[in-house]
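Summary of structural features
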Amino acid sequence: MIITIDGPAGSGKSTAARKLAAHLEIPYLDTGAMYRAIAHLALEEGVSIDDHDALVQLAESADLWLDCGPTHTRVKANGHDISEAIRTMAVSQVTSPIARIPEIRRILVEKQRSIGRQLGSFVTEGRDQGSVVFKDLADVRFVVDADLEKRAERRYQELIADGEDVSMDDVRENLNTRDANDCKQWAPLLEPGQSIKIDTTNMSLSEVVDCLECHVRESVGA
Ligand code: DC
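Quick summary incoming for the structure in this document. (Residues numbered from 1 in each chain as written. Predicted model: local features only at pLDDT ≥ 70, side-chain atom pairs only at ≥ 80, totals over all residues. Heavy atoms only, no water.)

**Details of the environment of Ser204**
- You can see Ser204 is positioned in the loop between strand 8 (196-199) and helix 9 (205-220).
- A relative accessible area of 33% means that Ser204 is categorised as partly exposed.
- With 40 residues separating them along the chain, Ser204 and Glu164 place their C-alpha atoms 24 Å apart. (Helix = DSSP H or I, 4+ residues; strand = E, 2+ residues; numbered from the N terminus. Buried < 20%, exposed > 50% of the residue type's maximum accessible area, 1.4 Å probe, protein only.)

**What about the pairing of strand 3 (residues 64-68)?**
- The alternating pattern of strand 3 places Leu64, Leu66 and Cys68 on a buried face and Trp65 and Asp67 on a face that is not buried.
- Examined bridge by bridge, strand 3 and strand 4 (residues 73-77) share five bridges and lie antiparallel to one another. When the bridges of strand 4 are listed, Trp65 appears paired with Lys76.
- The turn linking strand 3 back onto strand 4 is made up of four residues. (Pairing = 2+ DSSP bridges.)

**What to know about the sheet that holds strand 6 (residues 122-126)**
- The five strands are arranged 2-6-1-7-8 in an open sheet whose pairing can be described as parallel. Strands at the two margins of the open sheet, each flanked by one partner only, are strand 2 (28-30) and strand 8. Averaged over all pairs of adjacent strands, the angle between their axes in this sheet comes to 20°, without regard to strand direction.
- One ladder, built from four bridges, connects strand 1 (residues 2-6) with strand 7 (residues 140-145); its direction is parallel. Note that in strand 7 the partner of Ile3 across the bridge is Val140. (Axes fitted to C-alpha atoms, helices over the stretch in contact; angles between N-to-C directions.)

Here is the structure:
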């Protein structure tokens, strides 16, 4: 069974996807972590985000490894565990422009499909999972969203909990910029029929997870 959850940053998709995977006892594939890993490598190696050729080369040669457990994701790049390092604001800021480079998307989409083949059944989340990457394979496709203020608040709480020194204004501005960049790539995912759209603005995490699980069980007749 393949379940895709797409949506913008802070829509609640990552936490909900992890919880849903844990409830269904199947792995969880965090595709944003893969784009973040390339951004982290670019920062570490001092590659400019304007140098597309160098970024593509970095992505081509990166030895990315993901451990997709139902309750955790560990990410290694070139042998180093970068699971925590990819979650900082600095990485978030450069991930979005890097994720717009078509060659980098092609490399990571191929990698996502290969991981998907190995996993068999899984919950995957990102922006293009139901519309592009697993378009012909997904059993249930979700698109989740929430209004900007709510998304900024969630992201702010996450960063504070991780010990980041950020203000709510920084987070709001960062999300605004990422939305403007990201919508160019993920807007088409709103097109496909069959996707179930959920506005999580006024929902708690457990309500979101219950709602997703309910739709999944309905769809697969469980
Ligand atoms: O979901 P996230 O915040 O970890 O995503 C990080 C960035 O990567 C964000 O700018 C969107 C982008 N992304 C993407 O373009 N395609 C995906 N499948 C997943 C994430």
